[in-house]
Amino acid sequence: MNTISFIGAGNVAFRMAIAFQEKGYIIPTVWNRSRDKAVKITRALNSNLSAYTAHNAAQAGNYTPVPTGTPSISTLSFEDLLESDMVIIAVSDDAISSVAESFSLAMKNAIASGNTNSLPICVHTSGATPLDALSPLKELGCQCGVLYPVMTLSRSKNVNFKDVPFLLEGSDEKALKALKGVCDTLGSEYYVCDSSKRLKMHTAAVFSCNFTNYLLSLAFEVAGDAHSLLLPATLEMIRKSFLQSPKMALTGPAKRGDMKTIEKHLELLESLGMKEHADIYRTITENIITRTKQ
Ligand SMILES: NC(=O)c1ccc[n+]([C@@H]2O[C@H](COP(=O)([O-])OP(=O)(O)OC[C@H]3O[C@@H](n4cnc5c(N)ncnc54)[C@H](OP(=O)(O)O)[C@@H]3O)[C@@H](O)[C@H]2O)c1
């Protein structure tokens, strides 16, 4: 399997497309409902391709192979995806079912008009969406699966996919084998699990990742320009929580029961007009005090 196309052109499609290309996969096509975002991905892919081609030419006779291949195109037509071995549907969770439905309809029409390409393996990348969301594609005869990266991915920040664990699910052994092959090529850890286990991990990741991000935004607003001073303590708390346990790693006024300090913090936040910050501070403090007593 060496061609992987994308439906969707957001953070995940961008990061995966670049990472897959760097590992030698050809990314023939990127479909997105608004073309400009798909063009941004294909432009990045094609400029990488030119760089690789130049590198290979310069190293002729004594070179480490790096990706080469056909340029990527952006498209508004699902039919352009039909020559791919795998199609990754990386759209918002709520859009996965309707996109799967439209894509299967387009393939049905293409087959009726004489298209003889074999059907691609179709996968989505969502933690919270069951494999069943792809059922229109499965009913058409496609092998289907899930390739969920347990990682925060942003277009603006490169990640090393060696550090990204994946949760995999497949409609059958062939789909699962293809997904394992992709993870092996990326050098990524993977675990096979069903949709309900994946939903549980995704819920946990919202706490560990998205809520931590929200709390950091509150902390940055309180600290102002000095927020970078919080980095060492924050990293140490995360490291200690994973090495020991969150309970053992916890320090601070709520754990100690320093009620006067807690009152001073709340007065400060209220005097600064930071109502949202004070509300969250109060709620979390009460929960920590309750848990500490248990
Ligand atoms: N980002 C992460 O950290 C992360 C990590 C693991 C898994 N995931 C999963 O990966 C998937 C994509 O996430 P993302 O972060 O890449 O999202 P994103 O950056 O917000 O991009 C969403 C993509 O979905 C498209 N889209 C939204 N509604 C649509 C509709 N009704 N019909 C067709 N296309 C639609 C958007 O098209 P437009 O450009 O036209 O708006 C865009 O291409 C989601 O299932 C998410 O749960 C994300």
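In what follows, the structure referred to is the one given above.
First, a word on scope: everything that follows refers to the structure included in this document.

1. Section: the overall build of the protein
Then, number 1: Within the protein, the secondary structure is distributed over 11 helices and eight strands.
Then, number 2: The principal-axis extents of the C-alpha atoms in the protein amount to approximately 75 × 50 × 35 Å.
Then, number 3: In the protein, which comprises 294 residues, the proportion classed as buried is 30%.
Then, number 4: Contacts spanning at least 24 positions in sequence make up 66% of the contacts within the protein whose residues lie at least 6 apart.

2. Observations concerning the sheet that holds strand β1 (residues 4–7)
Then, number 1: Reading across the sheet, the eight strands line up as β3-β2-β1-β4-β5-β6-β7-β8 and stay open at both edges, with mixed pairing between neighbours. Either end of the sheet is taken by a strand with one partner, and the two such strands are β3 (73–75) and β8 (190–192). Strand-to-strand twist of the sheet, defined as the mean angle between neighbouring strand axes without regard to direction, takes the value 25°.
Then, number 2: In this structure, strand β2 (residues 29–31) lies alongside β3, joined through three bridges in parallel fashion. If you follow V30 over to β3, its bridge partner there is S74.

3. Section: the site of the ligand
Then, number 1: The ligand sits among 24 residues. The nearest are G10, V12, V91, A95 and S126.
Then, number 2: Those elements that place two or more of their residues in the shell around the ligand are α1 (11–22) and β6 (144–149).
Then, number 3: Counting residues per element, the shell around the ligand draws most heavily on α1, which supplies three residues.
Then, number 4: Taken together, the residues that form the shell around the ligand break down as 11 nonpolar, 10 polar and three charged.

4. Things to note about the nonpolar core
Then, number 1: Judged by nonpolar contacts, the single largest core of 58 residues is most densely connected at A13, A17, I88, I89 and V123.
Then, number 2: It is α1 that provides the largest number of residues to this core, a total of seven residues.
Then, number 3: Not counting chain neighbours up to four residues away, the residues in contact with V123 comprise M86, I88, I89, C144, G145, V146, L147 and L179.

Analysis parameters
- Residues numbered from 1 in each chain as written.
- Predicted model: local features only at pLDDT ≥ 70, side-chain atom pairs only at ≥ 80, totals over all residues.
- Helix = DSSP H or I, 4+ residues; strand = E, 2+ residues; numbered from the N terminus.
- Buried ≥ 20, exposed ≤ 12 C-beta atoms within 10 Å, placed from the backbone.
- Contact = placed C-beta atoms within 7 Å.
- Pairing = 2+ DSSP bridges.
- Axes fitted to C-alpha atoms, helices over the stretch in contact; angles between N-to-C directions.
- Near = placed C-beta within 6 Å.
- Nonpolar A, V, L, I, M, F, W, Y, C, P; charged D, E, K, R; others polar.
- Core = buried A, V, L, I, M, F, W, Y, C linked by C-beta atoms within 7 Å.

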